[in-house]
Amino acid sequence: MSTIIYWFRNDLRLEDNPAFTRACADANHLVPIYIHQDIVEESTHWGFPRVGKHRKQFTKQALSELNHQLGTHGSSLLEFNGRPEDIFELLREQTQSNLIYCEQIEAPEEIAQLNHLRNIGFVIESYWQSSMLDPKELPFALKNMPDMFTKFRQDVERQGLSHAKPIGAPKQIPPLPSLNLELHQQKNTSPAESSLFKGGEISAREHIDQYFERGLVDSYKQTRNQLMGMDYSSKFSPWLASGCCSPRSIAERLRNYELMHGANEGSYWLWFELLWRDYFRLLHFKYGNRLYVAKGLSDKPVSIFDQEKFLQWSSGQTGEPLIDAGMWELRETGFLSNRLRQVVASYWIYDMNGDWRAGAAWFESQLIDYDVYSNQGNWLYIAGRGTDPRGGRPFNVKKQTQDHDPDGIYRAKWLSNSGN
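Residues numbered from 1 in each chain as written. Predicted model: local features only at pLDDT ≥ 70, side-chain atom pairs only at ≥ 80, totals over all residues. Heavy atoms only, no water.

**Section: the overall build of the chain**
Across its full length, the chain holds 17 helices and five strands. By its C-alpha atoms, the chain is 65 × 50 × 45 Å across when sized along the principal axes. Across the 420 residues in the chain, those meeting the buried criterion constitute 55%. Taking the contacts inside the chain whose residues are at least 6 apart along the sequence as the reference set, 79% of them involve residues at least 24 apart. As displayed, the chain offers around 18600 Å² of accessible surface, 48% of which is attributable to carbon and sulfur atoms. (Helix = DSSP H or I, 4+ residues; strand = E, 2+ residues; numbered from the N terminus. Buried < 20%, exposed > 50% of the residue type's maximum accessible area, 1.4 Å probe, protein only. Contact = heavy atoms within 4.5 Å. Areas by Shrake-Rupley, 256 points an atom, 1.4 Å probe, with all protein chains shown as cover.)

Printed below as a string of structure tokens:
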């Protein structure tokens, strides 16, 4: 009888999870696990925690909800602390199985983890499932995909592609084998702090339902660059980043909305932003590790890291009100509007001559919706080290302040909280 270990990574859901569905179909016994890896508890090269409290809290909620859903099917989520190779060695001893199913993450650290597991005798079945589009349906090979997003989008639209069809949750989940559960290390079950967002697949579905039922998609293009409130943008990103929902399921909901209410500029722009998300993902198949070196894809010299300047920027003490307000919101909530993410990143790179990699690492630490592909892609884009030919995207802070916070309401809110 086959026993499969299913490793939940950034796919904390049952619905539209092809890798998990395949594991359920192939296994007689299934061991669903999540690993709280030692590496995320370490400090970064820049001297701060790699994962901050907001994302930890969101993940904790998502895992609790996932465990509940598995429980309704007679299964359970086993959570472990440690290094993946150590956990899988223990499970191999317990289950006599070396077969692991998981989602494919095309980023250097995650690729290295799977390669290491293969080298020590594990058989890995990984499935690509985090993009809206099916890479096999694209009108080009990924290694030859267009560098420019505009050309990428035009080719996709010319082909008539919209999104891959989502699938439902498995109807049945194979039972757990007999295990020595002393190996199972329970996480702290103390109540989570309050947050703008609650992790989990059910919470994601509720948020998406409300967004479309309220018709907020219609005004998406007009409001998406605003700075305050819950309704100016979709706020799908925390659940997408952790895999509590899939981009295909959102695109399918969007298509149904357009069939019922008609397509408009707002609905197109929401799809457009989901396509940007795909673009940053798929670029990894073309450039891989080159997206993670100091120079990126450019020949530009790298700035020398200045610890004092970085502390001013990251703590919201630069003396530039819009920047400081944004950095305070990021620290306090784990979230920041897309517009301000670009502005504060530009300020660090161009006004403070900061090392873009430190800024990217700070976002990884602080953002509740951190996504390895989008974070790396956007920082390379602003810094002029990615595929964009314009050599960088510096923002004029005074103009951004006038355009997006002319009455000072945003600055007043967050600077009053900071004590500035």
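**Details of the environment of Ala 19**
You can see Ala 19 is positioned in helix 1 (residues 18-26). In this structure Ala 19 comes out as buried when scored by relative accessible area, which is 0%. Put simply, Ala 19 and Gln 104 are 85 residues apart on the chain and 8.9 Å apart in space, counted from C-alpha to C-alpha. Aside from chain neighbours lying at most four places away, what touches Ala 19 is Tyr 6, Tyr 101, Cys 102, Glu 103, Tyr 127 and Gln 129.

**Considerations on the packing of aromatic side chains**
Inspection of the entire model under this criterion finds 40 aromatic pairs. By way of ring pairs, the aromatic residues Phe 140, Phe 149, Phe 152, Tyr 268, Trp 269, Trp 271, Phe 272, Trp 276, Tyr 279, Phe 280 and Tyr 381 are connected into one cluster. The ring of Trp 269 carries the charged tip of Lys 221 above its face, separated from the ring centre by 4.6 Å. Positioned over the ring face of Tyr 232 is Lys 235, at 3.5 Å from the centre of the ring. (Phe/Tyr/Trp six-rings, centres within 6.5 Å; stacked < 30°, edge-to-face > 60°. Lys NZ or Arg CZ within 6 Å of the ring centre and 35° of its normal.)

**Structural notes on the side chain of Ser 337**
With respect to the helices, strands and loops of the structure, Ser 337 is situated in the loop between helix 12 (321-333) and helix 13 (338-351). We classify Ser 337 as buried; its relative accessible area is 1%. In this structure Ser 337 touches Gln 226, Leu 227 and Tyr 232, once residues within four positions along its chain are discounted.

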